[in-house]
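Per-entry structural report
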Amino acid sequence: MLVLVAPGQGAQTPGFLTPWLDLPGAADRVGAWSEAIGLDLVHYGTKADAEEIRDTAVAQPLLVAAGLLSATALGEVVPDVVAGHSVGEITAAAFAGVLDDTAALRLVRTRGLAMAEASAVTRTGMSALLGGDPEVTTRHLEKLGLTPANVNGAGQIVAAGTMEQLAALAEDKPEGVRRVVPLQVAGAFHTHHMAPAVAKLEEAAQGLAPADPRVTYVSNKDGLTVATGADVVTRLVGQVANPVRWDLCMETFQRLGVTALVEVCPGGTLTGIAKRALPGVKALALKTPDDLDAARALIAEHAGAAS
């Protein structure tokens with residue numbers, strides 16, 4: 001059984017889209033998406049520097065576009081299960097047929113702009129904590145006024161809050177935590193700081209016509225599978241201001257009997273977590289088109305077990 005997953009913000013690197021645009025039809029497709037959302041995805045994916053693509057309003061559409069482009073390059077793939085981390089949930093919704101590609105990109109454009117605007121109100125950020133006991137870490141974060149915004153499993157929790165709170169965390173790590181690593185994101189995503197963005201997404205969602213998922217869709221909210229398109233969209237909207245529970249998503253993968261995981265471009269983050277947290281599950285990341293053949297072979301071996 002195969003799960004196709006999409007990474008979240010922070011996975012982007014300068015020029016990462018460049019080799020993908022050499023594939024037949026890819027540049028035209030990304031150009032059409034750029035026109036549809038009023039953002040030059042080709043420029044940002046090939047020529048922009050790290051600071052430019054750190055901008056939430058740019059990074060989020062760029063990541064969804066890359067995920068959709070790389071998934072298409074795999075060919076006619078029908079995964080058994082789909083999921084995405086944070087903004088990757090919109091990519092996963094497109095994989096599942098809940099939204100078409102253009103609708104997904106328009107929604108993520110609204111999401112990125114709204115979250116960037118919310119981030120500008122107060123200087124906030126996120127830091128990854130590596131190691132330690134999750135319960136001990138969570139209590140310590142709450143003591144500092146921080147939110148465990150991403151509970152990723154495999155000994156990783158991402159804290160979010162004001163820059164002052166994060167500075168206090170760097171000086172006062174929870175017991176057992178080996179490292180605190182500041183992340184290259186522009187705000188405290190998946191916390192109450194993003195509440196203003198939820199209202200804007202709710203308004204944008206009213207114009208959508210979501211279909212029910214045609215494959216199993218796993219939600220960041222609680223790791224549960226979601227049966228209707230309307231519920232998927234509701235969860236996408238609310239998730240902006242609530243923690244990502246990727247640990248629970250992986251528990252669901254195990255319960256469903258997943259045997260292989262493929263992470264779309266720019267892959268690596270979720271694959272790394274899976275290799276630590278999902279023993280026995282084969283995991284592969286799409287970083288460049290050179291990875292496509294290996295991914296197709298893995299898919300041929302594992303996809304379709306659910307049917």
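Heads up: the structure comes first, above all this text.
Reference entry: report on the structure contained in this document. Just so we're clear, the structure is a prediction, and the values are computed from it rather than from any experiment.

1. Digging into the overall build of the protein
Of the regular secondary structure elements, the protein holds 13 helices and 10 strands. The globule rule puts the C-alpha radius of gyration for 307 residues at 19 Å, and the 18 Å found for the protein is close to it. The principal-axis extent of the C-alpha atoms belonging to the protein is close to 50 × 45 × 35 Å. Taking the contacts inside the protein whose residues are at least 6 apart along the sequence as the reference set, 74% of them involve residues at least 24 apart. Just so you have it, the protein exposes about 12,600 Å², and 51% of that area is on carbon and sulfur atoms. Here the protein holds 23 positive side-chain charges and 33 negative ones, and the gap between their average locations is 4 Å.

2. Focus: the layout of surface pockets
In this model, the largest pocket occupies a volume close to 570 Å³. What lines the largest pocket is a set of 31 residues, among which Gln9, Gly10, Ala11, Leu183 and Val185 lie closest to the centre. If you list the elements that add at least two residues to the lining of the largest pocket, you get α3 (50-54), β3 (124-131), β4 (147-153), β5 (156-162), β6 (177-182) and α12 (269-277). Ranked by residues supplied to the lining of the largest pocket, first place goes to α3 with four residues.

3. Notes on the sheet that holds β4
The four strands are arranged β4-β5-β3-β6 in an open sheet whose pairing can be described as antiparallel. The sheet is open, and its two borders are formed by β4 and β6, each paired with just one other strand. On average, adjacent strands in this sheet sit at an angle of 25 degrees to one another, irrespective of strand direction. Of the pairings in the sheet, the one linking β3 to β6 comprises five bridges and is antiparallel in character.

4. Quick notes on helix α1 (residues 26-37)
Across its 12 residues, α1 extends 17 Å between first and last C-alpha, which sits within 8% of the 16 Å expected from 1.5 Å per residue. For α1, the elements touching its buried residues are α2 (41-46), α4 (56-73) and α6 (101-119). Of the residues one or two after α1, Gly38 is the one with positive phi, at around 70 degrees.

5. Some remarks on the packing of aromatic side chains
A complete count under the given rule lists one aromatic pair for this structure. Measuring from ring centre to ring centre gives 5.8 Å for Trp246 and Phe253, while their planes differ by 80 degrees; the resulting arrangement is edge-to-face. Among the residues examined, Trp246 registers a relative accessible area of 1% and is labelled buried.

6. Considerations on empty space enclosed by the protein
Tallied over the full model, the rule gives one cavity of 30 Å³ or more. The calculated volume of the largest cavity comes to roughly 60 Å³. Around the largest cavity, the lining residues are Ser86, Glu89, Ile90, Leu107, Arg111, His190, Leu201, Leu236, Val237 and Gln239. When residues of the lining of the largest cavity are traced back to their parent elements, those giving at least two are α5 (88-95), α6 and α10 (229-239). A total of three residues in the lining of the largest cavity trace back to one element, the largest contributor, which is α10. Among the residues forming the lining of the largest cavity, the class breakdown is five nonpolar, three polar and two charged.

7. Looking at helix α7 (residues 134-143)
Restricting attention to buried positions, one finds in α7 the residues Thr137, His140 and Leu141. With its buried residues spanning 100 degrees around the axis, α7 presents them on a single face. Every exposed residue of α7 that faces more than 90 degrees away from the buried side is listed here: Glu135, Arg139, Glu142 and Lys143. Immediately beyond the C-terminal end of α7, within one or two residues, lies Gly145, with a positive phi of roughly 85 degrees.

8. Considering the sheet that holds strand β2 (residues 81-84)
Strand order in this open sheet of six strands is β8-β7-β2-β1-β9-β10, and the pairing throughout is mixed. Lying at the two open borders of the sheet, with one neighbouring strand each, are β8 (225-226) and β10 (282-285). In this structure, strand β7 (residues 216-218) lies alongside β8, joined through two bridges in antiparallel fashion. The residue bridging Val218 from the neighbouring strand is Thr225, located in β8.

Criteria and cut-off values
- Residues numbered from 1 in each chain as written.
- Predicted model: local features only at pLDDT ≥ 70, side-chain atom pairs only at ≥ 80, totals over all residues.
- Heavy atoms only, no water.
- Helix = DSSP H or I, 4+ residues; strand = E, 2+ residues; numbered from the N terminus.
- Rg over C-alpha atoms; globule rule 2.2 N^0.38 Å.
- Contact = heavy atoms within 4.5 Å.
- Areas by Shrake-Rupley, 256 points an atom, 1.4 Å probe, with all protein chains shown as cover.
- Lys, Arg positive; Asp, Glu negative; His and termini not counted.
- Charge placed at Lys NZ, Arg CZ, Asp CG, Glu CD.
- 1 Å grid on protein atoms, 1.4 Å probe; cavity = no way out; pocket = protein on both sides within 12 Å on 5 of 7 lines; lining within 4 Å.
- Points joined across faces, edges and corners; volume = space filled by probe spheres on them.
- Pairing = 2+ DSSP bridges.
- Axes fitted to C-alpha atoms, helices over the stretch in contact; angles between N-to-C directions.
- Expected span 1.5 Å × (residues − 1).
- Phe/Tyr/Trp six-rings, centres within 6.5 Å; stacked < 30°, edge-to-face > 60°.
- Buried < 20%, exposed > 50% of the residue type's maximum accessible area, 1.4 Å probe, protein only.
- Nonpolar A, V, L, I, M, F, W, Y, C, P; charged D, E, K, R; others polar.
- Arc of directions from axis to C-beta.

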